[in-house]
Amino acid sequence: MSAESFERVELIVAKVEAGARLDTYLAGAVADMSRSRAKALILKGHVAVGGATIVEPKRPVKSGERLTVTLPPPEPAAPAPEEIPLAIIHEDEALIVIDKPAGLVVHPGAGTRSGTLVNALIAHCGADLSGIGGVARPGIVHRLDKDTTGLMVIAKNDRAHRLLSAQFADHGRTGSLERGYRALTWGAPAGFGGTIDSPIARSKVNREKMTVVKSGGRAAITHYRVEARYGPKSAAPVTALVECRLETGRTHQIRVHLASIGHPVIGDRTYGSGFLTKTATLPGPARNLTASFPRQALHAWLLAFEHPETGAEMRFESPLPADMDLLMRALKAL
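Since this is a predicted model, take the numbers as computed values, not measurements.

Caption draft 1: Quick look at the overall build of the protein. In terms of helices and strands, the protein carries seven helices and 15 strands. Here the protein has a C-alpha radius of gyration of 21 Å; the compact-globule value for 334 residues is 20 Å, and the two agree. Referenced to the eigenvectors of the C-alpha coordinate spread, the extents of the protein come out at roughly 70 × 45 × 40 Å. The proportion of buried residues among the 334 residues of the protein is 48%. Pairs at least 24 residues apart make up 68% of the contacts formed inside the protein by residues separated by at least 6 positions. Accessible surface, the protein: about 15,800 Å² in total, of which carbon and sulfur atoms supply 52%. Placing the 41 positive and 33 negative side-chain charges of the protein at their respective mean positions leaves the two points 10 Å apart.

Here is the structure:
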């Protein structure tokens, strides 16, 4: 295998990332890379710091360090094609933009080997799908939680994957990338909006959950704006419609951050189960819809980026899905 067949990713450690484990840092800095894959690459000598190969996954990174990650060539997609309907918003030779429904897992993983977005994409695209994400994640540039709805972009070739990944890694700091989410929350944050700047780490009590930590976590920044407040006029808002913009992209970031300020997403059984009793404060239809809402009421409504081949600014918007729209109408009627 020639050296030319390997892809090189160059990274510079930001001040806020200093102190993180090398494998943890790479998992967040390189698009669609898991910590286990990062660790494997380090142990195999595919990571260098300042030109020197590093084989210690636990080594802390330092601010300003220049890292080079050498990625093996793309592997063919292994998951089987499945004829699963896709809501395609835009498609060309380089990419596809879809509106993901609730309940659709993005890629195969532990406990989910079929019925995923990847299976649907393989059936739709055939061989025309980037393999940089690995065997289980062809074309996947970014992810949404299983029960989060909304807009996603998928790469159909390796060049598009690399350039889109770079935009997502930058999180719109220097480019045109925008990712907007709308959430229906319990209560309403004070004022018109604000910023939540709180590191996130995996919970030591429940490894399936993430949590805000004072130290040792990964930098996480969410900007939010209160679009509407719902509830009796004579009382404090019972719920709200909140728009969120991400400056970083951590697992469950919006859900964890909103819960950390006392306003978890309605329907979020993982981070907002303690608020279920508040459904009793709502009248009729709103109470029933809120109590039975089957998922977190979170929707990726806006996605904007620079087209990886033409350079054109692409911008897509998605209305609230039917279940969230019905719930919002019931809450507006309070």
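Caption draft 2: Layout of the pairing of strand S12 (residues 221-230). Bridge count between strand S9 (residues 193-197) and S12: five bridges; the pairing is antiparallel. Along S12, the bridge assignment pairs Thr195 with His223. As paired strands, S12 and strand S13 (residues 239-246) are joined by eight bridges and run antiparallel to one another. Paired with Tyr230 across the bridge in S13 is Thr239.

Caption draft 3: The pattern of salt bridges, seen in detail. On inspection of all chains with the given rule, the structure shows 18 salt bridges. A salt bridge links Arg218 to Glu17; the shortest N-O distance between them is 3.1 Å. Separated by 201 residues along the polypeptide, Arg218 in the loop between strand S11 (210-212) and S12 and Glu17 in the loop between strand S1 (7-12) and helix H1 (22-29) bring together distant segments of the chain. For Glu17, a relative accessible area of 13% gives the class buried. Between Arg315 and Glu317 there is a salt bridge whose closest N-O contact spans 3.7 Å. Among the residues examined, Arg315 registers a relative accessible area of 45% and is labelled partly exposed. Connected through salt bridges with shared partners, the residues Glu178, Arg182, Arg225, Glu227, Glu243, Arg245, Arg315 and Glu317 form a single ionic network.

Caption draft 4: Region of interest: the side chain of Asn119. By secondary structure assignment, the location of Asn119 is in helix H3 (residues 117-125). Since its relative accessible area comes to 1%, Asn119 is described here as buried. Beyond its immediate stretch of four places on either side in the chain, Asn119 contacts Pro79, Ala80, Pro81, Glu82, Pro108, Arg113 and Ser114.

Caption draft 5: Structural context of the environment of Gly194. Mapped onto the fold, Gly194 is located in strand S9. The contact partners of Gly194, leaving out residues within four places of it in the chain, are Thr222, His223 and Tyr224.

Caption draft 6: Just the layout of surface pockets, in detail. When its volume is computed, the second largest pocket comes out at roughly 670 Å³. Looking at the second largest pocket, it is lined by 34 residues, and the ones nearest its centre are Leu11, Ala29, Val30, Ala169 and Asp170. For the lining of the second largest pocket, the secondary-structure elements that each account for two or more residues are S1, H1 and helix H4 (158-170). When grouped by side-chain class, the residues that make up the lining of the second largest pocket number 16 nonpolar, seven polar and 11 charged.

Caption draft 7: Broad picture of the packing of helix H6 (residues 284-292) against helix H7 (residues 322-332). Put simply, H6 and H7 touch, their axes get as near as 8 Å, and they point 145 degrees apart. Here H6 and H7 pass one another in a crossing that is left-handed. Residue-level contacts link Ala286, Leu289 and Thr290 of H6 to Leu326, Leu327, Ala330 and Leu331 of H7. Residues of the contact of H6 with H7, tallied by class, amount to six nonpolar, one polar and no charged.

Caption draft 8: Representation of the sheet that holds strand S2 (residues 47-49) within the structure. Strand order across the open sheet formed by four strands is S1-S4-S2-S3, with antiparallel pairing between neighbours. If you trace the sheet from one side to the other, it starts and ends with S1 and strand S3 (52-53), each paired once. Across three bridges, the pairing between S2 and strand S4 (residues 66-71) is antiparallel. Looking across to S4, one finds that Val49 is bridged to Leu67. On top of the sheet, helix H2 (residues 35-43) reaches S2 and S4; it is set at about 95 degrees to S4, its chief contact.

Caption draft 9: Just empty space enclosed by the protein, in detail. Per the stated rule, a full pass over the model turns up two cavities of 30 Å³ or more. What the largest cavity holds in volume is close to 40 Å³. His142, Leu144, Leu151, Arg179, Tyr181, Ala300, Leu302 and Leu303 are the residues that line the largest cavity. Mapped onto the lining of the largest cavity, the elements with two or more residues apiece are strand S8 (178-186) and strand S14 (298-306). Considering every element that reaches the lining of the largest cavity, the biggest residue donor is S14, with three residues. For the lining of the largest cavity, the residue count by class is six nonpolar, one polar and one charged. There is about 30 Å³ of room inside the second largest cavity.

Here is what the cut-offs are and how they apply
Residues numbered from 1 in each chain as written. Predicted model: local features only at pLDDT ≥ 70, side-chain atom pairs only at ≥ 80, totals over all residues. Heavy atoms only, no water. Helix = DSSP H or I, 4+ residues; strand = E, 2+ residues; numbered from the N terminus. Rg over C-alpha atoms; globule rule 2.2 N^0.38 Å. Buried < 20%, exposed > 50% of the residue type's maximum accessible area, 1.4 Å probe, protein only. Contact = heavy atoms within 4.5 Å. Areas by Shrake-Rupley, 256 points an atom, 1.4 Å probe, with all protein chains shown as cover. Lys, Arg positive; Asp, Glu negative; His and termini not counted. Charge placed at Lys NZ, Arg CZ, Asp CG, Glu CD. Pairing = 2+ DSSP bridges. Salt bridge = Lys/Arg side-chain N within 4 Å of Asp/Glu carboxyl O. 1 Å grid on protein atoms, 1.4 Å probe; cavity = no way out; pocket = protein on both sides within 12 Å on 5 of 7 lines; lining within 4 Å. Points joined across faces, edges and corners; volume = space filled by probe spheres on them. Nonpolar A, V, L, I, M, F, W, Y, C, P; charged D, E, K, R; others polar. Axes fitted to C-alpha atoms, helices over the stretch in contact; angles between N-to-C directions. Left-handed = near helix turned anticlockwise from the far one by under 90°.

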